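# An overview of the molecular structure
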Amino acid sequence: MPSISGGDQDQLESGENMERDESKLKVLNFNSHFGEKQILYDISLGIPDNRVTAIIGPSGCGKSTLLRSINRMNDFIENFSISGEIIFENQNIYGEEVDPVELRQKIGMVFQRPNPFPKSIFENIAYGLRVQGWKDRHAIAEQVEKSLRAAALWDEVKDRLNSLAFDLSGGQQQRLCIARAIAVEPEILLMDEPASALDPIATARIEELIKDLKEKYTIVIVTHNMQEAARTSDYTAFLLLGRLIEYGLTDQIFTNPQKKETEEYLTGRFG
Ligand SMILES: Nc1ncnc2c1ncn2[C@@H]1O[C@H](COP(=O)(O)OP(=O)(O)OP(=O)(O)O)[C@@H](O)[C@H]1O
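Residues numbered from 1 in each chain as written. Predicted model: local features only at pLDDT ≥ 70, side-chain atom pairs only at ≥ 80, totals over all residues. Heavy atoms only, no water.

## Here's the deal with the environment of Met109
Rules: Numbering of helices and strands runs from the N terminus, with a helix taken as a DSSP run of H or I at least four residues long and a strand as a DSSP run of E at least two residues long. For this analysis, residues touch if any pair of their heavy atoms sits within 4.5 Å.
Here Met109 is to be found in strand β6 (residues 107-110). In this structure the C-alpha to C-alpha distance between Met109 and Asp192, which are 83 residues apart in sequence, comes to 7.7 Å. In contact with Met109, not counting residues within four places along its chain, are Leu67, Arg68, Asn71, Met73, Ala181, Leu190 and Asp192.

## Considerations on the UniProt feature "domain: ABC transporter" (unreviewed entry) in the protein chain
The following threshold applies: UniProt positions are given in the numbering used here, feature names are shortened, and annotations may be inferred rather than shown by experiment.
Mapped onto the present numbering, the UniProt feature "domain: ABC transporter" (unreviewed entry) falls on residues 25-266. A helix fraction of 38% and a strand fraction of 26% characterise residues 25-266, whose end C-alpha atoms lie 27 Å from each other.

## Concerning the sheet that holds strand β4 (residues 80-88)
The line we're drawing: At least two bridges found by DSSP between two strands are what make those strands a pair.
Across the sheet, four strands lie side by side as β2-β1-β4-β5; this open sheet has antiparallel pairing. Of all strands in the sheet, those with a lone pairing partner are β2 (37-47) and β5 (91-92), marking the two edges. The pairing of strand β1 (residues 25-34) with β2 spans seven bridges and is antiparallel. Its bridge partner lying in β2, Val27 is registered against Leu45.

## Thoughts on the nonpolar core
What tends to happen in soluble globular proteins is that the nonpolar side chains get buried as a cluster. This is how the line gets drawn: Side-chain atoms within 4.5 Å link the members of a nonpolar core, which is a set of buried Ala, Val, Leu, Ile, Met, Phe, Trp, Tyr and Cys residues. The buried label goes to any residue with under 20% of its type's maximum accessible area, the exposed label to any with over 50%, and the partly exposed label to all in between, with areas taken from a 1.4 Å probe on protein chains only.
In this structure, Val144, Leu148, Leu176, Ile178, Met191, Leu213 and Ile219 are the most contacted members of the largest nonpolar core, which totals 44 residues. Counting residues per element, this core draws most heavily on helix α7 (residues 170-183), which supplies six residues. Apart from the residues within four sequence positions on either side, Leu176 is in contact with Pro116, Ile121, Asn124, Ile125, Leu148, Leu153, Ala165 and Leu168. The next biggest cluster of nonpolar side chains, apart from the first, holds 33 residues, and it includes Ile70, Ile86, Val98 and Ile107.

## Thoughts on α7
Put simply, the test is: To estimate the expected span of a helix, count its residues, drop one, and scale the result by 1.5 Å.
Over its 14 residues, α7 extends 20 Å from the first C-alpha to the last, a length consistent with the 20 Å expected when each residue adds 1.5 Å. Judged by how many residues are buried, α7 sits mostly within the fold: 13 of 14 residues are covered. Looking one or two residues beyond α7, the residue adopting positive phi is Glu185, at roughly 55 degrees.

## Some points on helix α8 (residues 200-213)
Note the cut-off: Throughout, the arc means that of the directions going from the helix axis to the C-beta atoms. Polar contact criterion, stated in full: a pair of N or O atoms within 3.5 Å, where within protein one must be able to donate a hydrogen and the other to accept it, and residues adjacent in sequence count only if both atoms are side-chain atoms.
Here α8 contains 14 residues, and its C-alpha end-to-end distance of 20 Å stays within 8% of the 20 Å for a straight helix at 1.5 Å per residue. Buried within α8 we find Ala202, Thr203, Ile206, Glu207, Leu209, Ile210 and Leu213. Viewed along the axis of α8, the buried residues span an arc of 160 degrees, placing them on a single side of the element. In this structure, α8 carries Pro200 and Ile201 as exposed residues pointing more than 90 degrees from its buried face. Tucked into the core, α8 has its buried residues touching β3 (52-56), α5 (137-150), α7, β7 (188-192), β8 (218-222) and α9 (226-232). Between a side-chain oxygen at the N-terminus of α8 and the backbone nitrogen of Ile201 the separation is 3.0 Å; the capping residue is Asp199.

## Focus: the side chain of Ser69
Positionally, Ser69 belongs in helix α2 (residues 63-69). Owing to a relative accessible area of 0%, Ser69 belongs among the buried residues under this scheme. Within the local environment of Ser69, its side chain forms a polar contact with the side chain of Asn74, the two groups lying 3.2 Å apart. In this structure, Ser69 is in contact with Phe30, Asn74, Phe80, Ile86, Ile93 and Tyr94, ignoring residues within four places of it in sequence.

So, in structure tokens, the structure goes:
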């Protein structure tokens, strides 16, 4: 099997390396194109289970493309093509036998802007459960409550579950979207700049939530915000022009980057 470590990983403790090699989610020699234009070049990385992995890098370097490849969201774009593999639970997610709809239930996504459905708070969560085949009203109500609690929103909304989701603040709407994503009990949660549209207080709540959620989920987060990556993630992957320049423990990447490009980016010399 090809190495799944990016950059100079030798300095990492062997235990941490093992943790990644044994992880359920691995990107292997992954390339992607939009039409003729190559966006990602030979990306290989293992995403450790029950950890937060941040993908950072300058605008346009391919962060979202990589993230959206992990649950086949780019399939919706006509001229998108890939080579290489993304392995999830020992299966290439781009294999013919994989149903992308089922895959997205296991690998959920939270987007940059909160995007609740034009429905009540309750229905925003119950809807996905019904699509999954849940019928028992009591069980649905229990799962709605459980998800809202896990997303640290229950206390704020328990008395107005039938209000429109749009009546919530931006930060509450984003936590509702997180509750919606976790209600269907995914394994992996992908987050594309989940706090970038929020004020500092709402951002802090989302960051706290991310730290809590990793006990149960493996989280991959794309962020422009270096402080946010440093505060929330255990591992950081630095992309530049579609290539993985360095990947390792967040503390190490931020305090002692091994590559000149990483250091220049982190110190604000470009990007
Ligand atoms: N649907 C598309 N069709 C063609 N090119 C695209 C499409 N989506 C993205 N791209 C191109 O792919 C490249 C990578 O975009 P991507 O959104 O992955 O970068 P990013 O690192 O997430 O950027 P940002 O930080 O600005 O969101 C960019 O050059 C972008 O223009």
